[in-house]
2 protein chains.
Amino acid sequence: MVLMEYVVIGHGTAGQTAAAVLKKVDPESQVTVIEKGRHVAIHPCSLPMVLSGRLSLAEVEERVPRGKVDLISGSEAKRIDRERKVVYFIKDGSLESIGYDRVILATGLRPIVPRVEGIDLEGVGTVWDLESVSDLLRQLGNKVVVVGGSATGIEVASELARTGREVTLIEATEQLMPGKVDPPISSLVMKALNDLGVKVMLKTPMERLEGSGGKLTHVVTPKGAIEADTAVVVIGARPDVSVALESGLRIGETGGVKVDEYMFTSDPYVLAAGDVAEVRDFVTGMPTLTGLASTALVQGRIAAENAAGGRVKYPGALSPFLVPVGDRFFGGVGLSASRAEALSIDYLAFRFSGADLPRYMGGRDNVVIWMVTDREGRVLGAQVFGRRGVRERILFLTAAIYANFKVQDIRIMEFAYQPEVCDVVEPIATAAEGMYRKYLSPRGDLSEIS
Amino acid sequence: MVLMEYVVIGHGTAGQTAAAVLKKVDPESQVTVIEKGRHVAIHPCSLPMVLSGRLSLAEVEERVPRGKVDLISGSEAKRIDRERKVVYFIKDGSLESIGYDRVILATGLRPIVPRVEGIDLEGVGTVWDLESVSDLLRQLGNKVVVVGGSATGIEVASELARTGREVTLIEATEQLMPGKVDPPISSLVMKALNDLGVKVMLKTPMERLEGSGGKLTHVVTPKGAIEADTAVVVIGARPDVSVALESGLRIGETGGVKVDEYMFTSDPYVLAAGDVAEVRDFVTGMPTLTGLASTALVQGRIAAENAAGGRVKYPGALSPFLVPVGDRFFGGVGLSASRAEALSIDYLAFRFSGADLPRYMGGRDNVVIWMVTDREGRVLGAQVFGRRGVRERILFLTAAIYANFKVQDIRIMEFAYQPEVCDVVEPIATAAEGMYRKYLSPRGDLSEIS
């Protein structure tokens, strides 16, 4: 039996998963992970909670299982010599190399740092990794501007508002999370942020940062200068394709490393997984970048199995996500209406608001369901906003899209009921029924629908 | 346009839903509901909480929407004269009748009252409706024996233990909820009851009830007499088919009213829905009774649409259920392993326990997933036990069964992640992965699985 040598580049969710799966499916193999950071693994989704002090930096460092995988941390991979099958990396200042049979490239994203005046002022930082959060914590004042209405921007604003700080969130476009969530949901998110005391300014790009004595004093926008001692700049990230470019791997139209449906790059011995990989969208079939740990995990698993000789197809990214905002949550999965619009995909959409608990239980609240279907009622996407049960609805709707359910199926499906956690009438079913009645069942026409 | 006249018999979940849907799909029609009880609608699932005082009797009475449906309460339907198309019912002691074009029979269940000595003693009661709970509340002492390890028995025992009462639960068979949940879950439920202070005695049928001065003193079992001032007898229920029998409708092998897949009884003008109807099980295709509000709701909707001229197929009962036990929940959907065993259906089963929150979040606990599949990995049933997220997993697994997912699909699916509500590794996916590795993927065989 030939001993296989696998090299995984990057120890984020995709890399960690890939390494673990490789050892599981090919236990005799040699698995080496090369990771740039000193902190070998963290949970990026926990970072906003570190910023507000709900979690400590130490708490969110991942314990790395010992003994199975050879982890080389603090080492930056530079290039894959695909002819000689060697990965070059920098460790302690010197160039080293390691041979491979298969490489899994999981270099993830790097944050976009806008080239505006004042970006280097004290008080300006980002939320990206332990280092950046640690830096930001040292500089954190009481008048904070969060730049960017992304999921991270919303979480950071929400967390900092908890601590009593004066928080303003500015977003360049006309809504929060454009393309990801549609106006019926983003307006609820905006209201939830307002309820937490966050001032939200839309159509307000950051022009530059002003300071005095090297310290931030104002964030300047077309609508005027906002007084601030802290600016948290979270305007996005792009795939970290430096190794891929150095190695001559094909880059896709989104800027990620192009992979086929088995997660192979343009080189049959190199796979890519996670945020760096350009995959297909499950619904549209179009190239996309995912940027979600839960999605990276699946890709890491599939890349590892296929690196080890399997032939597991990646079904395409559904990209379900969840974001907390105060004591509410919202989330989405699949195609948004605004994205459908942009792609000229014909769609139907429907908003429904229903109770999350029976009338007689305390703490009852509304949950809002927004569903996007095709003209036949097939679910293409959905978004949910509410106080409880948001994940359960996103989970169900993820399955619904994967399974090609129509609203005609959902309106006659059974939803587990118990008054302490939900009402007997499930808002998803009512939304599906509403869509069916409004768009798909001309009055009086009750012909075969199942 | 001919004005249709619909009569719905019974105002439980199926009847209420049917009446509401009839008015929606056929707004000009006359819809009359005949209901035996004076309290026109209640939520049976809330009754254990009434017993413990968390809810009042008044709180769990349903407000009935006015004006659309003609509700005749306190009136017992006796017979459908199918030739003359008239329903006879008793109102205020006299026999009345109402004509119909279509009837929907939704008479539900009636509780089984065991014919044992002492059943009429003071201190002996049941949890069935507002009347029985009201009676029981007046007699409730401090040493309670709950007779029957059904979902209701478990909820009643759990609720009464909250109030500091001394509670013993006796169950005739060798486990709680036999056939509904499998031993890996029922043993966790038993432990949870023990943690609440409930003494659980299995293989312990009630033989008789002993009293003194007309009041209960002991519940007698083969294992001895248990001292008690209160016995709550919840040993089950059977379909209330008296109207169906009087009307000559066909009864199925389970004792429920036989319906076809469009919810029609043996009479083309009479449909049945909810607990009284014998429907097909989604997984096995065999006749079954459901006894769940969430399932009755779907049947009520379909019966109403088809009564109004539609042709919607009932896909079969998946019967997802949820039961609270202290601050835990458990639930199930589809086929149990024990039922598969009893029916000689070949199956695989796998138990997995995983974290419900990331390591760094407070209050982390385990969630236990039990999955039952066929030999190819197709999900036939599942059960879940945990502190949080039980409903979300049952919802997902309901969709999985409906969609014919295999564990091969689930192990590569994306599960929405956010550290405040779940870990990035979803226990359902890990359970699916475990089943795949254990049963479906001979080591080294990683051939096409999608």
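Computed from a predicted structure; not experimentally measured.

Calculation notes
- Residues numbered from 1 in each chain as written.
- Chains lettered and ligands numbered in written order.
- Predicted model: local features only at pLDDT ≥ 70, side-chain atom pairs only at ≥ 80, totals over all residues.
- Heavy atoms only, no water.
- Least-squares fit on C-alpha atoms with pLDDT ≥ 70 in both.
- Phe/Tyr/Trp six-rings, centres within 6.5 Å; stacked < 30°, edge-to-face > 60°.
- Helix = DSSP H or I, 4+ residues; strand = E, 2+ residues; numbered from the N terminus.
- Buried < 20%, exposed > 50% of the residue type's maximum accessible area, 1.4 Å probe, protein only.
- Lys NZ or Arg CZ within 6 Å of the ring centre and 35° of its normal.
- Domains from an automatic or database assignment.
- Contact = heavy atoms within 4.5 Å.
- Buried area = accessible area lost by both parts, 1.4 Å probe.
- Salt bridge = Lys/Arg side-chain N within 4 Å of Asp/Glu carboxyl O.
- Pairing = 2+ DSSP bridges.
- Axes fitted to C-alpha atoms, helices over the stretch in contact; angles between N-to-C directions.

On to the relation of the copies chain A and chain B, then. Related by rotation about an axis and a shift along that axis, the two copies of the chain form a pair. Taken as rigid bodies, chain A and chain B are interconverted by a rotation of 180° and an axial shift of 0.0 Å, the fit giving an RMSD of 0.0 Å. Given the turn and translation reported, the copies of this chain are related as if by a two-fold rotation axis. Scanning chain A for the C-alpha nearest the rotation axis identifies A:E392, at a separation of 1.9 Å.

Below, the discussion takes up the packing of aromatic side chains. Two aromatic rings are characterised by how far apart their centres lie and by the angle between their planes. Inspection of the entire model under this criterion finds eight aromatic pairs over all chains. Consider the rings of A:F396 and A:F415, whose centres lie 4.8 Å apart with planes at 55°: the pair is tilted. With a gap of 19 residues between them, A:F396 in helix 9 (residues 390-402) and A:F415 in the loop between helix 10 (407-410) and helix 11 (427-440) connect regions that are remote in the sequence. A:F415 matches A:F396 in its accessibility class, with the two residues each being buried. Ring geometry for A:Y402 versus B:F405: centroids 5.2 Å apart, planes at 90°, classification edge-to-face. Remark: B:F405 occurs in the loop between helix 9 (390-402) and helix 10 (407-410) and A:Y402 occurs in helix 9; the pair is interchain, linking two chains. Its relative accessible area of 14% is what places A:Y402 among the buried residues. Members of the aromatic cluster, joined through ring pairs, are A:F282, A:Y402, B:F396, B:F405 and B:F415. When the ring centre of A:Y269 is taken as origin, the NZ or CZ atom of A:K85, which lies over that ring, is 3.3 Å away.

On to the domain arrangement of chain A, then. A common measure of how large an interface is: the accessible area buried when the components associate. All names here are of chain A. Domain annotation of chain A identifies domain 1 (5-38 + 73-110 + 238-307), domain 2 (113-235) and domain 3 (327-440). Computed from C-alpha coordinates alone, the two centres of domain 1 and domain 3 are separated by 35 Å. In this assembly, four residues from domain 1 lie in contact with seven residues from domain 3. Summed over both partners, the interface of domain 1 with domain 3 comes to about 450 Å²; 87% of that surface belongs to carbon and sulfur atoms. Of all residues in domain 1, the largest losses of buried area upon contact with domain 3 belong to F282, V283 and T284, amounting jointly to 79% of the total for that side. Our count for the contact surface shared by domain 1 and domain 3 stands at zero salt bridges.

Moving on, we get to the sheet that holds strand 15 (residues 224-227) of chain A. Residues and elements named next belong to chain A. Taken in spatial order, the three strands of this open sheet run 13-14-15, and their pairing is antiparallel. A strand with exactly one partner marks an edge of an open sheet, and here the two such strands are strand 13 (208-212) and strand 15. Across the sheet, the axes of successive neighbouring strands diverge by a mean angle of 35°, strand direction being ignored. In the sheet, strand 13 pairs with strand 14 (residues 215-221) via five bridges, with the strands oriented antiparallel. Across the sheet, residue G211 finds its bridge partner in strand 14, namely L216.

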